Each structure stands twice: as structure tokens, then as C-alpha cells.
Amino acid sequence: MTSPITTTRDGDVLIVVSNNPPVNALSAAVRIGIDAAIDEAAGDDGIKAVVIACDGQTFFAGADITEFGKPPVEPLLPTLVDKIEASEKPVVAAIHGTALGGGCEVAIACHYRIAVPSAKLGTPEVKLGLLPGAGGTQRLPRLAGVELALEMVAKGDPIPARKAHEAGLVDRLADEGALRAEAVAFAREVASVRPLPRASEKQAKAEPGVFDAFRKTNARRFRGFDAPEANIACVEKATQSPYAEGVQFERESFMKLMFGVQSAAQRHIFFAERKASKIDDIPADIQLRDIKRVGVIGAGTMGGGISMNFLSAGIPVTIVEMQQEALDRGTGVMRRNYEASAAKGRMKPEQVEAAMGALKPTLALADLADCDLIIEAVYENMDVKKELFGKLDAIAKPGAILASNTSYLNVDEIAASTSRPQDVVGMHFFSPANVMKLLEVVRGAKTAPDVLATVMKLGKTIKKVAVVAGVCHGFIGNRMLMPRQVEAMKLLMEGATPEQIDRVHVEFGMPMGPFQMSDLAGVDIGWHRDPTRIESIRDALAAEKRWGQKTQAGFYDYDEKRTPSPSPRVAEIIEDFRKQTGTPQHEITDEEIVERTLYPMVNEGALILEEGMAQRASDIDVVWIYGYGWPVYRGGPMFWADTEGLKKIVAGLEKHGFEVSTLLKDKAEKGERFN
Ligand code: 3H9
């Protein structure tokens, strides 16, 4: 097998180049090649300096994650980076693309770093539930200072080369087109400079209190995760101990994380997210439809948010409303949202103008005639949608994709109201649509393969994680939400409080519990609007205008700052209902809440798989992570079920009288997993 590493000479400089597509992951073959190249340099008096560079889209993007959990192959990355640093001849890293994780660790083990301004450096291991395990937590604070190192390792976001340059992490910036040549010139320039600058020999100093202050500031962000604290502890260690001791501590912490459930869950999601974009029965090279202009019907919260995704990606949007006032209000909100992003430094003012300049507001549906994709985001009502799609059929150009942003309704029925059901698809965005990363793409019975593939690809263009769902009530996400909400209401009737149920969910790692979610979304959603007809706790709340946060009262009472407190009135309403219905009461444990609200979600997920409404279990996990805030460190509901053990889930469901999916039962019996 040919090595991904080649070495060439430019006079007295040895140029070591990696070519390991797609991202130059530091696989065993790459490590072996670099190791040999360092030996080659050491053994040849004619070589005075070394350059390490990469071909393709990026410098090393990290250790090869697919090797994790497999038997280790020498040389291990920690050994290799130490060997690079120990080289008696200067080694220069030439960085383009993204030097991430192990890639960043290779770079900082080199004696010098040169990067193009478009490059980024980062240690995203924390997002995989890990820490930089090849000396990164020890070298980074010594090179870039404790504060930047903490930000980089504990949060995992990469920094631009310019910032790295200012911080001393990169020694020199190169011209975009001349990295290799400038790196060689740099290597030649430093060839005889001694002593060699070695990061591990520097001191990492910290101001008193810096670690605790960092922990405190980020407590909310890190809640529930193991890896951020492990990263912080390693950086702290770097300020207290010599490199050799620090790196030992780092190694032990890395192994602990690597074999823990959280990292397994986070690595599962990394691959699940990428797998989700693949459609099993459609060839990857299918010819896609060209989407140059998008039409959006409805300028409300949803329509506006949806439009912003395309505008931000440079795709012009025609937005349609029925009344001028609603149109103005909607586009006004969009502008304010963009301006708020600009105020936070996330956009430049000219980008705001460019985005708004590409928006064409109109009151005429006929103006959608030149759109390649039209997304309907109107009131959730089948008759309204069918009528609208009938009209679109007469207006849209041939080959235009017609999409509905419905969150529950039957896409096939909507498609049947047109003469071109093959062009109809569901695009279910999550609110706020310009922020939430999930896009459920609903494949109708007649949706053409190229329509589906085009929309999935477009999802990536607008920076969403797109998942294919089949036509069923609520698709993947909302369908699984339903049994949870139903069961939460039953638990209330049997003796639990909204506070207890919500607390269990928040402690599990969800951003909020079922009742907090109702209050946020609106208790009156789907209400029959007759205050005299009171058949449920929800009806009783709605009749008293306890519609949630928007009326400062729902399942909780709210003050002006929307801080919730338990509501005595709600307790009364619940008690009345318990008495009226004669529901037997019992003490409800936290465990019962988990078994009765989360296990049924797994069961519903299994039914979704059984019916072929999701392509794979990991897609369901992606939906719940990106659409509903399921804690990433638990890997999504199906992965979580695997870690709990499917036998335990089945036993829990049966104990509470649920009908268990055949697939789930079969898997449990055979000792299988979903993932
Ligand atoms: C680490 O370094 C540990 C060390 O500290 C210690 C060791 C002791 N390995 O994202 P894309 C695949 S941990 C294996 O769609 P983009 C990916 O699955 C690592 N495979 O491209 C996909 O495969 P497929 C720390 C990897 O252009 C394909 O490459 N590093 C790896 O949108 C294309 O990926 C990270 O966490 C990998 N490391 O984004 C960086 N990375 O085509 C992780 C990617 O079959 N990577 N693949 O679906 C990224 O963030 C992005 O891939 C990157 C490119 C920004 C580089």
C-alpha cells in the first residue's frame, strides 16, 4: 500500500506532505509516514530543516476518529508529537484549512508555525466528549496563554489564523497562494537558530482565580458534560507541574473520557449527523435541480425565519403575504434580527444590507412564478394548504419544487391537490427557523428522487442538519413528542406536579420539561377555543387565559422577567380534576417519570423504524439532538436506549402497561442494539 506521506527535497529543506483525503486525519499510515520522515531528516546531514504540510482541503483535521476503540497502532500520536518536538532540526508546520485536534497538536509540537489567513486552528475534542490527548492541553497554555487555551480546549471552537498569530500560536502569516514556498523559506531562515523553541519547555502561568472564574462563567454551558471540566483540569495542571507530569495527567484523563458513555454518545452523533445526509436508495451522484431563487409564503415568525436561512446563504427570496401590514411587520422583524446579529459582531452591516437587498416582498402569489423552490409556511390547516397548493400548481414554473413547512399534516394529501405530486416535499423547520439546526425533509409517496436529493443538499447549503422522514402524523420529532406529553399529563392526574416532572427532565439534560415547553409554545395551541367546554386540565388552563409565558400564566406563574414559580391555582385545578375523575393517587418517583415519559419515546422511535418512517436509528437521534435539545452527551433517544439496555426499556414499558413495538421487543430478546 502506498503511504499517504511523501517527502521531497528543496535544497537543504525536507518537505513532508500528507495526502489522506478527505480531511488528512492522522490515521496509522499517516503517523507511520511522518515518523519515518522525522527519522529521514535526523539521519541525513544534508537536511537542515523540515516542513510539514498537507495536500487537499485541509491541514490534519485531527486523529482518525474511526480508529477509536480499535487496537492501537504504533506510533501513537502522543509519542509522535513528542518525537517531532524533540527533533534536533527545526520543524515548521505549514497550515491551511483547519488544523484541528491532533492536527493542532502536531502543529504546536513543531518548532514554528506558518499559516494562511483563511486557516483555522482549534481543539474540538471536547465536542467529541474528549480532550486533546497528544500534549495539546499542556502545550497550548504554554504557547498561547492560559485564558485562550481554556477557551479553545473547553469550548472547542476553532480560532482564525490571525487571532492565533496575535496570540503567539502562529509565528507567521503567509500569502494565500504561496504557503508552501513561504514555509520553505521560513524553514531555511531558522535552520541554524538555536536553541530550538519547544513549547513543552515554556512555563504556563495563570492569574489567581482564573480557573474558578472560567468555570463559573460557563457553568450553564457545561452543565451535564464531563469533558469540559476534564479539559480545564488539564490546563490547570499545566500551570502547576512540569510538562512530563502534566502530559501523564492528560493521558489518564483522556483514557477515562474515551471509555466513558458520554464520549461514545458524542462520537456517535458526529457520525450520525454526517450519515443523516445520505439517502439510502438514491445514488449520491444524482443530478440535482438548480435552486437560484426561493419563494416563501407567509411572513410570520416561521416564514421570516425560513427566508433568513436562504438570504444568509446568498440565495434571493421572494416572500408573499396577504396584507401589506403583515408583510411590513414580517420583513421588519427579519431586519431587526439581522441588525441584532450585526450588533453582536456576528455579521457586518454590509452583510445585513446584502441579505435584506436580496429579499423581494410582495402581496402577489403570481410573483412566485420565477422561483425554483417555493416553501409554504401558512396556518397549519389541511384545507388552507390544499387550496394554496392548487393555486401554486397554476403559478409555479415547470420543475419548481413545492414544499410545505407542515409539522404534522399528510404531505401526500397536500401533494394530491397539485398535478405534480413528484415535485412536492415537506420541509419542516423548527422554531426559531433561522437558529434551530434541524430540518426534517418529508418524503412523500410520489416525491421524485432528485427533488428529495436537492432539498437534502440545500439543507447543508443553509447550514442545517437535514434528516429524511416518511409521511406519518408528526413525522419523526413531533410524533415522538406526543406520547411523552400524553404520559406527562397522566402523571399529573396520578399525583405528580408539573415542577417534579419538569425537574426530572431538566436533570436528565433536556433544556426544559414538558410543562415548561407547553408554557413556552402556548397552552392554547390546538385548543378548541370554547371556555365553557372544560374536559381536561389543559382546557381549564386555557379557559382562564393561562396560555403560558405570553400571558404570564400557564402551568406556572410568571413575573415580568418571565421567571416561573409554582402556581397554587394550577395545583387547585389539578386537584379538582383528580377528584372529579376519581383517579387513584400514588406517590410518583423520579424513576417512574423517566420510565413513563422517556421509555415511550424510545418505543415510538422503534415504531417509526418498524414502519420505515426513518432511514436509521441514528437519524432519530439527530432529530432529537438538533430539534429538541436532547442532551448530546446521551447521544439521542435511541442511543440512550442502547446504553440503558433494551431489555430494561422493554421491562419498564411492560411494567406500566404499554404496548411494546415488535422491533424493540425482538432486539431486546436478541441482545441487539439500535446503533
Ligand atoms: C483527536 O484529534 C484526538 C487527539 O487529541 C488525541 C489522540 C490521542 N476522523 O465534516 P465533513 C470524515 S479527535 C475520521 O462532512 P467538512 C467525516 O466523517 C479529532 N474521519 O467535511 C466525513 O466522512 P464521510 C479532533 C473524519 O468539509 C468526511 O471526513 N478533530 C474526521 O464539512 C468529511 O467530513 C475533530 O473533531 C476525523 N477526524 O468539514 C475534527 N473528520 O464523507 C472533526 C472528518 O464518509 N472534523 N471525517 O461522511 C470536522 O470538524 C470536519 O470534518 C472538518 C471538515 C471541519 C474537518
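Residues numbered from 1 in each chain as written. Predicted model: local features only at pLDDT ≥ 70, side-chain atom pairs only at ≥ 80, totals over all residues. Heavy atoms only, no water.

Participant: Any chance you could explain the layout of surface pockets here in plain terms?
Facilitator: To find leftover empty space, a probe the size of one water molecule is rolled over the atoms. The computed volume of the second largest pocket comes to approximately 310 Å³. I297, G298, V320, E321, M322, L363, L365, V378, V384, E387, L388 and K391 are the residues that line the second largest pocket. The dominant element in the lining of the second largest pocket, judged by the number of residues it contributes, is helix α16 (residues 382–395), at four residues. The residue inventory of the lining of the second largest pocket, partitioned by class, reads eight nonpolar, one polar and three charged. (1 Å grid on protein atoms, 1.4 Å probe; cavity = no way out; pocket = protein on both sides within 12 Å on 5 of 7 lines; lining within 4 Å. Points joined across faces, edges and corners; volume = space filled by probe spheres on them. Helix = DSSP H or I, 4+ residues; strand = E, 2+ residues; numbered from the N terminus. Nonpolar A, V, L, I, M, F, W, Y, C, P; charged D, E, K, R; others polar.)

Participant: Honestly, the nonpolar core in this entry has me stumped. Any pointers?
Facilitator: One recurring pattern in soluble globular proteins: nonpolar side chains tend to sit buried together. Counting 87 residues, the largest nonpolar core has I537, F555 and F674 as the members making the most contacts within it. Among the elements that line this core, the one with the most residues is helix α26 (residues 617–628), at eight residues. Not counting residues within four places of it along the chain, the set of residues in contact with I537 comprises M489, L492, M493, F555, I573, I574 and F577. (Core = buried A, V, L, I, M, F, W, Y, C linked by side-chain atoms within 4.5 Å. Buried < 20%, exposed > 50% of the residue type's maximum accessible area, 1.4 Å probe, protein only. Contact = heavy atoms within 4.5 Å.)

Participant: Help me understand the site of the ligand in this model?
Facilitator: Looking at the ligand, there are 27 residues lining it, with A63, G102, E105, E125 and R274 nearest. In the model, an oxygen atom of the ligand is placed 3.3 Å from a nitrogen or oxygen of the Q57 side chain. Within the side chain of E105, a nitrogen or oxygen atom sits 2.7 Å from an oxygen atom of the ligand. About the coverage of the ligand: the protein hides 74% of its 1,000 Å² of free accessible area. For the shell around the ligand, the secondary-structure elements that each account for two or more residues are β5 (98–100), α3 (102–109), α11 (243–258) and α12 (261–276). In terms of residues, the shell around the ligand owes the most to one element, α12, which gives three residues. Class assignment for the residues of the shell around the ligand results in 14 nonpolar, six polar and seven charged. (Near = heavy atom within 4 Å. Polar contact = N/O pair within 3.5 Å; in protein donor to acceptor, adjacent residues only side chain to side chain. Areas by Shrake-Rupley, 256 points an atom, 1.4 Å probe, with all protein chains shown as cover.)

Participant: Before we go on, may I ask you to explain the domain arrangement of the protein chain in this structure?
Facilitator: The accessible area lost on association of the parts is a frequent measure of interface size. Assigned domains of the protein chain: these are domain 1 (5–259), domain 2 (294–473) and domain 3 (496–584). Look at where the C-alpha atoms of domain 1 and domain 2 centre, and you get two points 43 Å apart. (Domains from an automatic or database assignment.)

Participant: Hey, could you run me through the side chain of D619 in this one?
Facilitator: If you trace the backbone, D619 turns up in helix α26. Taking the relative accessible area as the measure of exposure, D619 reaches 0% and is therefore buried. Contact partners of D619, with chain neighbours within four places excluded, come to A276 and V467.

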